[in-house]
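Analysis of the macromolecular model
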Amino acid sequence: MVESSSGLLEDTVPNLALKAARQAAGYPSQPALADALSRSARQLGLTIVVSVRQVRRWESDSPPWPQEDYQRLLTQVLHQPVEDLGFRPPWDKAAGPAPAPTAAPATPAVSPAPTVLRGALPRPASRAGSQPTTIGADFGTVVEAHRRLYLSVAPALLHRAVAEHANLGTALLGETSGVPRRILASALAESLLLLARIEFFDLRQPDAADTTLVRALQAAGEADDSLLGAAVLAHSAFVPGWAGRLPAARERMRAARTYARRVPAVAVEVLAWLDAVEAECLTRCGDQRGALSLLHHAEDLLAVGGGDALPPDWFTWFSPVRLRAFRGNAELAAGLIPQARSTLEQVLAELPEADGKQRIVVLGDLAALEAATRAPEAACALLEQALDQLAVTWYATGMDRVRDARRALAPWEGTDAVRRVDDRLYSWSATLSSLQR
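Heads up: these notes are all about the structure in this document. (Residues numbered from 1 in each chain as written. Predicted model: local features only at pLDDT ≥ 70, side-chain atom pairs only at ≥ 80, totals over all residues. Heavy atoms only, no water.)

1. Focus: the overall build of the protein
Looking only at helices and strands, the protein features 19 helices and two strands. Residues counted as buried form 50% of the 437 residues belonging to the protein. Considering only contacts in the protein between residues 6 or more positions apart, those separated by 24 or more positions represent 67%. Approximately 20200 Å² of the protein is accessible, and the part contributed by carbon and sulfur atoms is 54%. (Helix = DSSP H or I, 4+ residues; strand = E, 2+ residues; numbered from the N terminus. Buried < 20%, exposed > 50% of the residue type's maximum accessible area, 1.4 Å probe, protein only. Contact = heavy atoms within 4.5 Å. Areas by Shrake-Rupley, 256 points an atom, 1.4 Å probe, with all protein chains shown as cover.)

What follows is the structure, encoded as structure tokens:
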């Protein structure tokens, strides 16, 4: 027996492959790995708690072959295939150590595809697949990087990179099977969801986004990831909701909530976001009272909290301050000017520095509020701040809010303040950027 860094006693560990992978990944003890696996399970919506005893069994001299969900967790956390972690599949007990994976046959070079591949997701030609079992985790590493790049990279540029990566993931599904295929499909769904977000919010291409979201839902279904499916469906509700087609938006939100209910444990942040999405659709369709009711319910959910479920890593677009931004916009649309001012000013003060895109939206809403209170100079000052941020981080949804506020300034078109805004709003670079994107 040896003492771990946590003070607990560990058995001797003949399965040195798993122990080495655990330590290399930064988990010095068996309890640390058990905690990491359980945390990953909660993020994936799995009702699994990995015990220290389970990890000890895996590090014993005869480790049992992990069940499929455990394989998924081990690969996700340690970024290695289970065969390289000292496990041997039951059907291979009589055989010696598994040979090292060989490279897949080379394929002819193809020219880059400008759009995401369509049609049914490809099936593997053989049961085993030709890609290594880490292919899903490796693909997902790039998806995580794209998620971070979304904050600062020009949307048109990032869109191209994400679309090409999604094409790669779609093609690779035809070369994977089993657990690696599920992991790859989940990462592909995340990639396609990010692509659709860029198309809808950053480039204002709702038809393209709607098509991409169908692909994302296919991939989430292939991964059997109901929580990711709920996120895709809720995003799809924005398309009819922003176009004023409330029945279609509500239908998609019902589907999103149904998928979320299939997950045994859902983080309250996700449930609050579903309320916020539906509230946004109601606001766009003129039902401000219904929207505010949903937003108050979402705030109650966050205030009460509850459960051990954690938001998944890909759930990066929502927070309490973002929820208040939803509410401020709904209050403004409802004509609740004092409440909207208080809410939006609080949001502007609390937004993280890196959240430039949301800052544009809030500045646009505050400018519209000032126009509604007949304070054109204050409105113009806020619009100039929004245009400063747009010069750094283009965001079509933010530009829409700027234009809405500018239209509200029509009674003061002859003033110097409004003309200064127009000079910037219709400068050569801003006009070309708007037309090109």
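2. Overview of the environment of Glu68
Note on placement: Glu68 falls in helix 4 (residues 68-78). A sequence separation of 111 residues divides Glu68 from Val179, and the C-alpha atoms of the two residues are 6.5 Å apart.

3. Here we look at the packing of aromatic side chains
Under the criterion given, the structure shown has 14 aromatic pairs. Ring plane angle 75° and centroid distance 6.4 Å describe the contact between Trp314 and Phe315, whose orientation is recorded as edge-to-face. The pair Trp314 / Phe315 is uniform in exposure class, with both members buried. With centroids separated by 5.4 Å and ring planes inclined at 65°, the aromatic side chains of Phe315 and Trp317 adopt a geometry described as edge-to-face. Take Phe315: its relative accessible area is 9%, and that puts it in the buried class. A network of ring pairs unites the aromatic residues Trp273, Trp314, Phe315, Trp317 and Phe318 as a single cluster. The residue whose ring lies beneath Arg284 is Trp242, and the NZ or CZ to ring-centre distance is 3.7 Å. (Phe/Tyr/Trp six-rings, centres within 6.5 Å; stacked < 30°, edge-to-face > 60°. Lys NZ or Arg CZ within 6 Å of the ring centre and 35° of its normal.)

4. Re the pattern of salt bridges
Applying the stated criterion to the full structure yields 26 salt bridges. Linking Arg252 and Asp210 is a salt bridge whose minimum nitrogen-to-oxygen distance equals 2.8 Å. With a gap of 42 residues between them, Arg252 in helix 10 (residues 246-261) and Asp210 in helix 8 (residues 206-223) connect regions that are remote in the sequence. The partner of Arg406 in a salt bridge is Asp422, with the nearest N and O atoms 2.6 Å apart. Of the two residues, Arg406 is situated in helix 17 (residues 396-407) and Asp422 in helix 18 (residues 416-425); the sequence distance between them amounts to 16 residues. Given the relative accessible area of 17%, Asp422 is considered buried. Each member of the salt-bridge network shares a partner with another, and the members are Glu280, Arg284, Asp365 and Arg401. (Salt bridge = Lys/Arg side-chain N within 4 Å of Asp/Glu carboxyl O.)

5. Overview of the packing of helix 13 (residues 320-333) against helix 14 (residues 337-350)
Two elements in contact, helix 13 and helix 14, have axes whose closest approach is 8 Å; the angle formed by their N-to-C orientations is 155°. Compared by their axis directions, helix 13 and helix 14 come out roughly antiparallel. In the packing of helix 13 onto helix 14, the handedness of the crossing is left-handed. Counting all contacts with helix 13, which are made through Val321, Arg324, Ala325, Arg327, Gly328, Asn329, Glu331 and Leu332, the residues of helix 14 involved are Ile337, Gln339, Ala340, Thr343, Leu344, Gln346, Val347 and Glu350. Considered class by class, the residues forming the contact of helix 13 with helix 14 number seven nonpolar, five polar and four charged. (Axes fitted to C-alpha atoms, helices over the stretch in contact; angles between N-to-C directions. Parallel < 35°, antiparallel > 145°, perpendicular 65-115°, else oblique. Left-handed = near helix turned anticlockwise from the far one by under 90°. Nonpolar A, V, L, I, M, F, W, Y, C, P; charged D, E, K, R; others polar.)

6. Here's the deal with the state of the cysteines
By definition, a disulfide is the covalent link that joins the sulfur atoms of two cysteine residues. Overall, the coordinates contain zero disulfides when judged by the stated rule. No disulfide involves Cys281; its sulfur sits 6.7 Å from that of Cys285, the nearest cysteine. Residue Cys281 is classed as buried on the basis of its relative accessible area, which comes to 2%. (Disulfide = S-S within 2.5 Å.)

7. A word on the packing of helix 8 against helix 9 (residues 226-242)
Helix-helix packing: each pair is described by the crossing angle between the helix axes and the interaxial distance. Between helix 8 and helix 9, the least distance of the axes is 9 Å, while the angle of their chain directions is 165°. Judged by the inter-axis angle, helix 8 sits roughly antiparallel to helix 9. Crossing of helix 8 over helix 9 shows left-handed handedness. Together, Pro206, Asp210, Leu213, Ala216, Leu217 and Ala220 of helix 8 and Leu228, Gly229, Val232, Leu233, His235, Ser236 and Val239 of helix 9 make up the contact between the two elements.

8. What about helix 1 (residues 16-24)?
Listed in full, the buried residues belonging to helix 1 are Leu18, Ala21 and Arg22. Summarising the axial view, the buried residues of helix 1 lie within an arc of 100°, below the 170-degree limit, and thus occupy one face. For helix 1, the exposed residues lying more than 90 degrees away from the buried face are Leu16 and Ala24. In the segment just after helix 1, Gly26 is the residue with positive phi, at about 95°. (Arc of directions from axis to C-beta.)

9. Remarks on unusual backbone geometry
The backbone of Arg204 shows a phi angle near 50°, a positive value even though the residue is not glycine. Relative to the helices and strands, Arg204 is located in the loop between helix 7 (178-202) and helix 8. Located in the positive-phi region is Asp224, a residue other than glycine, with phi close to 55°. Within the fold, Asp224 resides in the loop between helix 8 and helix 9.

10. Let's talk about the nonpolar core
Ranked by internal contacts, the top residues of the largest apolar core, which has 107 residues, are Trp273, Leu295, Trp317, Phe318, Leu390, Val402 and Leu409. The leading source of residues in this core is helix 7, at 13 residues. When neighbours within four sequence positions are excluded, Trp273 is seen to be in contact with Ala231, Ala234, His235, Phe315, Trp317 and Phe318. Counting residues in each nonpolar core, the second largest holds 22 residues, with Leu18, Leu33, Ala41 and Tyr70 among its members. (Core = buried A, V, L, I, M, F, W, Y, C linked by side-chain atoms within 4.5 Å.)

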